[in-house]
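Listed here are the chains, written in short residue letters.
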Amino acid sequence: MPGVHGRVALVTGASKGIGLATAKLLEQQGAIVVGVARTEADLQASGLKHTLVADLSLEEGCQYAVEETKRRLGVDGIDILVCNHGIGTAHETRLDLTDVDSYHLSMRTNLDGPFYLTRLVMRDMVAKKYGRCVYTSSTAATEAEANGVGYNTSKAGLCGLMRSVCQDGGPFNVTANAVLPGWVRTELAEQSAQVEATKRGINVDDVWKERAALCSAKRVITPEEVAHTILFLASEESSGVSGESIRVSLGCPY
């Protein structure tokens, strides 16, 4: 099975959580992976072979990530794009109290960045007539969280971006799909758990117990479980799957 062997993959948000698990899994399966994140120290600790520091909330940061990946690896294009970077809801509040700058930060990071990256890599994918684009959205794209307007809106928009890539890239053998994880105990989700625990005056572990109780297996998803779903969507064998928003949530409603 060809899988991802020998394919060039750009994975964002690759220093921790789902992104790191995905980057490592792609490497293990023979892909040439460049992991991108904002923090040099976290990338150095990741153990990934190829890493880049870039601010993917900015168009110039996205352009740097794509161009530097091609330059360092000496390739003419990226075969696999995994847009996993993002910010959560820890900085958000009720919609009518939301600071406009806070909302725009969510949109720039979670939606504009993936658009910029996709636009850049898709040109080469179209020319080569091959590409796999995978986006880490959230169950919040379909079941909105309270006090999370920027997150909810950007993650729903990410699924719209994905479907646009499916339509525009389809004639050129470019597929696009999104994974919608439920609760995963990542640093991002830990921040929101801490905020919730503080507001309610309870322990963080109690917040996680409540989240686990929503899942059919009475546990939350692991980053590795999401990564394995992304691995399939990034593979040659996923050629018949495009335009899909796939929940990875153990039945968790949100």
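Here is a short report on the structure shown in this document.

Criteria and thresholds
Residues numbered from 1 in each chain as written. Predicted model: local features only at pLDDT ≥ 70, side-chain atom pairs only at ≥ 80, totals over all residues. Heavy atoms only, no water. Phe/Tyr/Trp six-rings, centres within 6.5 Å; stacked < 30°, edge-to-face > 60°. Buried < 20%, exposed > 50% of the residue type's maximum accessible area, 1.4 Å probe, protein only. Lys NZ or Arg CZ within 6 Å of the ring centre and 35° of its normal. Helix = DSSP H or I, 4+ residues; strand = E, 2+ residues; numbered from the N terminus. Contact = heavy atoms within 4.5 Å. Pairing = 2+ DSSP bridges. Axes fitted to C-alpha atoms, helices over the stretch in contact; angles between N-to-C directions. Arc of directions from axis to C-beta. Polar contact = N/O pair within 3.5 Å; in protein donor to acceptor, adjacent residues only side chain to side chain. Parallel < 35°, antiparallel > 145°, perpendicular 65-115°, else oblique. Left-handed = near helix turned anticlockwise from the far one by under 90°. Nonpolar A, V, L, I, M, F, W, Y, C, P; charged D, E, K, R; others polar.

1. Here's the deal with the packing of aromatic side chains
Item 1. Under the criterion given, the structure shown has two aromatic pairs.
Item 2. Taking 5.7 Å as the distance between ring centres and 55° as the angle between the ring planes, the aromatic pair formed by Phe-115 and Tyr-116 counts as tilted.
Item 3. You can call Phe-115 partly exposed: its relative accessible area is 41%.
Item 4. The aromatic ring of Tyr-130 is capped on one face by Arg-7, whose charged end is 3.6 Å from the ring centroid.
Item 5. If you follow Arg-211 out to its NZ or CZ, it ends over the ring of Trp-183, 3.5 Å from the centre.

2. Some words on the environment of Ala-14
Item 1. With respect to the helices and strands, Ala-14 occurs in the loop between strand 1 (8-12) and helix 1 (17-28).
Item 2. The buried category is assigned to Ala-14, whose relative accessible area is 0%.
Item 3. Residues Ala-14 and Ile-80, spaced 66 residues apart in sequence, show a C-alpha to C-alpha distance of 14 Å.
Item 4. Setting aside anything within four residues of it in sequence, one finds Ala-14 in contact with Gly-19, Leu-20, Ala-23, Gly-35, Val-36, Ala-37 and Leu-48.

3. Examining the side chain of Thr-186
Item 1. One can find Thr-186 in the loop between strand 6 (174-181) and helix 6 (187-200).
Item 2. By relative accessible area, Thr-186 is classed as buried at 16%.
Item 3. Thr-186 has contacts with Gly-17, Ile-18 and Pro-223, leaving out every residue within four places of it along the chain.

4. Examining the sheet that holds strand 5 (residues 131-136)
Item 1. Spatially, seven strands are ordered 3-2-1-4-5-6-7 in an open sheet, and the strand pairing comes out parallel. For this open sheet the edge positions go to strand 3 (50-53) and strand 7 (244-248), each flanked by a neighbour on one side alone. Averaged over all neighbouring strand pairs, the angle between strand axes comes to 20°, with direction disregarded.
Item 2. Two elements, strand 1 and strand 2 (residues 32-37), share five bridges in a ladder whose sense is parallel. Pairing of Val-8 across the sheet is with Ile-32, part of strand 2.

5. Some thoughts on helix 8 (residues 223-233)
Item 1. Taken together, the buried positions of helix 8 are Pro-223, Val-226, Ala-227, Ile-230, Leu-231 and Leu-233. One face of helix 8 carries all of its buried residues, which in axial projection span an arc of 160°.
Item 2. Against helix 1, strand 4 (80-83), strand 5, strand 6 and strand 7 lie the buried residues of helix 8.

6. What about the environment of Asp-55?
Item 1. Counting through the fold element by element, Asp-55 comes out in the loop between strand 3 and helix 3 (59-73).
Item 2. The exposure class assigned to Asp-55 is partly exposed, which follows from its relative accessible area of 33%.
Item 3. When the C-alpha atoms of Asp-55 and Asn-173 are compared, they prove to be 29 Å apart, with 118 residues separating the residues in sequence.
Item 4. With sequence-adjacent residues up to four places away left out, Asp-55 is seen in contact with Gly-61 and Cys-62.
Item 5. Separated by 2.6 Å, the side chains of Asp-55 and Ser-57 make a polar contact.

7. Comments concerning the packing of helix 4 (residues 100-128) against helix 5 (residues 149-169)
Item 1. Where helix 4 contacts helix 5, the axes come no closer than 8 Å and their chain directions differ by 15°. It follows that helix 4 is roughly parallel to helix 5 by the angle criterion. Considering the relative orientation of helix 4 and helix 5, their crossing is right-handed. When helix 4 is examined against helix 5, the residues Tyr-103, Ser-106, Met-107, Asn-110, Leu-111, Pro-114, Phe-115, Thr-118 and Met-122 are found in contact with a partner set consisting of Val-149, Gly-150, Tyr-151, Thr-153, Ser-154, Lys-155, Gly-157, Leu-158, Leu-161, Val-165, Asp-168 and Gly-169.
Item 2. Grouping the constituent residues of the contact of helix 4 with helix 5 by class yields 11 nonpolar, eight polar and two charged.

Such coordinate-based values are descriptive only and should not be taken to indicate function.
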